[in-house]
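Listed below, chain by chain, are the residues.
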Amino acid sequence: ERGPIVAVIDTSGSMHGLPEQVAKAVALEALRTAHAEKRRCLLFAHGGPGEVAEHELDLSLEGIGRLLAFLGVSFGGGTD
């Protein structure tokens, strides 16, 4: 049995623009792949001090809500 797909995304201010778009595309692809392979998909987003968020993504209503919340946030803060 294969384990979960784990995506770790830098959400610091340096990710603004194209890097942010690429990171969000990676999160979408991780979810798509996990669904196709019947695996869990974990997303960790980190930014500045104390800024760490963990999301378990899936194609349930709640999972899509978590994904949309992540995709709708603009990255900010500084990496420490």
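See the structure printed just above.
Structure report, in brief. Each residue is numbered by its place in its chain's sequence as written, counting from 1. For a predicted model such as this one, the threshold for reporting local features is a pLDDT of at least 70, and the threshold for listing and counting side-chain atom pairs is 80 or more; totals across whole chains, interfaces and linings nevertheless cover every residue. Working from all heavy atoms in the structure, the side-chain values ignore hydrogens and water.

1. Points about the sheet that holds strand S3 (residues 52-57)
At step 1: Strands sit in the order S1-S2-S3 across an open sheet of three strands; the sheet is mixed. Each of the sheet's edge strands pairs with one partner strand only, and the pair in question is strand S1 (5-10) and S3. Shown here is a sheet whose adjacent strand axes are inclined to one another by a mean of 15 degrees, direction ignored.
At step 2: Any two residues having at least one pair of non-hydrogen atoms within 4.5 Å are treated as being in contact. Orientation is described by lines fitted to C-alpha atoms, with helices fitted over the stretch in contact, and by angles between N-to-C directions that extend from 0 to 180 degrees. Only DSSP runs of H or I with at least four residues qualify as helices, and only runs of E with at least two residues qualify as strands; both kinds are numbered from the N terminus onward. Along the sheet, helix H2 (residues 61-71) makes contact with S1, strand S2 (41-46) and S3, crossing S3 at roughly 140 degrees. DSSP calls a pair of strands paired once it identifies at least 2 bridges connecting them.

2. Observations regarding helix H1 (residues 18-36)
At step 1: In this model H1 runs 27 Å from its N-terminal to its C-terminal C-alpha over 19 residues, within 8% of the 27 Å that 1.5 Å per residue would give.
At step 2: Exposed residues in this analysis have more than 50% of their type's maximum accessible area, buried residues have under 20%, and partly exposed residues fall in between, with area computed by a 1.4 Å probe over protein chains only. Within H1, burial applies to Glu20, Ala23, Lys24, Ala27, Ala30, Leu31 and Ala34. The buried residues of H1 all sit within an arc of 110 degrees when viewed along its axis, so they share a single face. Exposed and facing more than 90 degrees away from the buried side of H1 are Leu18, Gln21 and Ala36.
At step 3: At its buried positions, H1 is contacted by S1, S2, S3 and H2.
At step 4: Following H1 by one or two positions, Lys38 has its phi on the positive side, about 55 degrees. Working rule for helices: expected span equals 1.5 Å times residues minus one. This arc describes the spread of directions from the helix axis toward the C-beta atoms.

3. Here's the deal with the nonpolar core
At step 1: Counting 15 residues, the largest nonpolar core has Ile9, Leu31, Cys41, Leu43, Leu57 and Phe70 as the members making the most contacts within it.
At step 2: Within the residue set of this core, elements represented by two or more residues are S1, H1, S2 and H2.
At step 3: Counting residues per element, this core draws most heavily on H1, which supplies five residues.
At step 4: Sequence-distant contacts of Cys41, that is, excluding residues within four places in its chain, are made with Ile5, Ala30, Leu31, Ala34, His55, Glu56 and Leu57. Joining through side-chain atoms within 4.5 Å is the link that ties buried Ala, Val, Leu, Ile, Met, Phe, Trp, Tyr and Cys residues into a set, and such a set is a nonpolar core.

4. Details of the pattern of salt bridges
Two side chains with opposite charge may pair up if their charged atoms get near one another.
At step 1: What makes a salt bridge here is a side-chain nitrogen of Lys or Arg within 4 Å of a carboxyl oxygen of Asp or Glu, nothing more. Tallied over the full model, the rule gives six salt bridges.
At step 2: Put simply, Glu56 and Arg40 hold a salt bridge, and the shortest N to O gap is 2.9 Å. Of this pair, Glu56 sits in strand S3 while Arg40 sits in the loop between H1 and S2, and the two are 16 residues apart along the sequence.
At step 3: With relative accessibility at 31%, the residue Glu56 sits in the partly exposed group.
At step 4: Two residues, Asp58 and Arg66, come together in a salt bridge whose shortest N-O distance is 3.5 Å.
At step 5: Judged by relative accessible area, which is 28%, Arg66 ranks as partly exposed.

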